[in-house]
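Below are the chains, spelled out letter by letter.
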Amino acid sequence: MAKLRLGALEAGGTKMVCAIGDENGTIYEQVSIPTTTPKETIPKMIAYFRDKGIDALGIACFGPIELDRDSEKYGYITTTPKLAWRDCDIVGQMQEALHCPVGFDTDVNGSVLGEVTFGQAQGKKCVMYLTIGTGVGGGIYSNGELHHGMLHPETGHVLITKRTADTYAGRCPYHKNCLEGLAAGPAIEERWGRKAVDLADCPEVWELEADYIAQALTGYVMTVSPEMIILGGGVMHQEQLFPLIRKKLKEYINGYIVTDELADMEHYVVPASLHDDQGIMGCLELARRALYQ
């Protein structure tokens, strides 16, 4: 049986990664297109995919986005702070130009789908993927489906209890003391006066960071009950964070939940496994699912 030819579009705030692959997660080629305005960027993406003979396209997109298929704005980027992209019908424009089914979800749901389909989370029923970088976002896979509710999870905006010694106000304009406001890359740089990558040898930076991340993870453990939590994004390239987060998470759970997963923290809170291709590989699976929906 011939392999499917699938398009993948990982739509980010700074770049659009376009790729061609198949249903086995093999990536044949990919390019990166700068994210400027829809008027400039979308025609370039269409031009890339148009002559590739794809059977379907999967888009994992920055948000907020409209995922309710009953909404007249399904497939739109909605209230994003990237003003040029507000109320942009990205799915409609790609579908109209390429004449193929289009799968659509958040960027972080694309990443968790990649890990569940092709990576370390295969066989798990409930998995959470959290990216900590310029912002903080989370994707949730539960019983074969990507989680949506009235919108989609905004896990970066759960509220955090600040340490009394932490005088930093917080960077998020909506809630100063949310995870994104206190622990994303720009917050680290603003609080300490240097980029995260230049603070690798400062233990006080990572001890505080681990505390705030572990507080959030405790909430996710109690509400989502994931069998695995995958942490990606630029901040998590500081690998010294992982043992600190695991230790803090165990302290915060404080014996309340007892499971095999929590007894094996090294395999419970883990880094991403697909060499930063989990988003693109998730897009390939979104495309495959769109073809058979």
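Keep in mind the model is a prediction, meaning the values are calculated, not measured. (Residues numbered from 1 in each chain as written. Predicted model: local features only at pLDDT ≥ 70, side-chain atom pairs only at ≥ 80, totals over all residues. Heavy atoms only, no water.)

Engineer: Explain the side chain of Lys52 here, please?
Structural biologist: Within the fold, Lys52 resides in the loop between α1 (38-50) and β4 (56-61). By relative accessible area, Lys52 is classed as buried at 17%. A distance of 2.9 Å separates the side chain of Lys52 from the backbone oxygen of Tyr48, its partner in a polar contact. For Lys52, the contacting residues outside a window of four places in its chain are Arg5, Ile20 and Glu29. (Helix = DSSP H or I, 4+ residues; strand = E, 2+ residues; numbered from the N terminus. Buried < 20%, exposed > 50% of the residue type's maximum accessible area, 1.4 Å probe, protein only. Polar contact = N/O pair within 3.5 Å; in protein donor to acceptor, adjacent residues only side chain to side chain. Contact = heavy atoms within 4.5 Å.)

Engineer: For this particular structure, what's the right way to read helix α9 (residues 278-292)?
Structural biologist: In an α-helix there are 3.6 residues to a turn, and that puts residues three or four apart on one side. With 15 residues, α9 extends 21 Å between its outermost C-alpha atoms, agreeing within 8% with the 21 Å of an ideal straight helix rising 1.5 Å per residue. Counting buried positions along α9 gives eleven out of 15 residues, so the element sits mostly inside the fold. Within α9 the residues assigned to the buried category are Gln278, Gly279, Ile280, Met281, Gly282, Cys283, Leu284, Glu285, Leu286, Ala287 and Ala290. (Expected span 1.5 Å × (residues − 1).)

Engineer: Whenever I open this one, the sheet that holds strand β7 (residues 102-106) confuses me. Can you help?
Structural biologist: Strands pair in a sheet through their backbones, by hydrogen bonds, and they do so in one of two ways: parallel or antiparallel. With respect to topology, five strands assemble into an open sheet ordered β3-β2-β1-β4-β7, the strand pairing being mixed. One side of each edge strand has no neighbouring strand; the edge strands of this open sheet are β3 (27-34) and β7. Taking the axes of each pair of neighbouring strands and ignoring which way they run, one obtains an average angle of 15 degrees across the sheet. Alignment of strand β2 (residues 15-21) against β3, held across seven bridges, turns out to be antiparallel. If you follow Met16 over to β3, its bridge partner there is Ile33. Contacts from helix α3 (residues 107-118) reach β4 and β7 within the one sheet, and its direction differs from that of β7 by about 105 degrees. (Pairing = 2+ DSSP bridges. Axes fitted to C-alpha atoms, helices over the stretch in contact; angles between N-to-C directions.)

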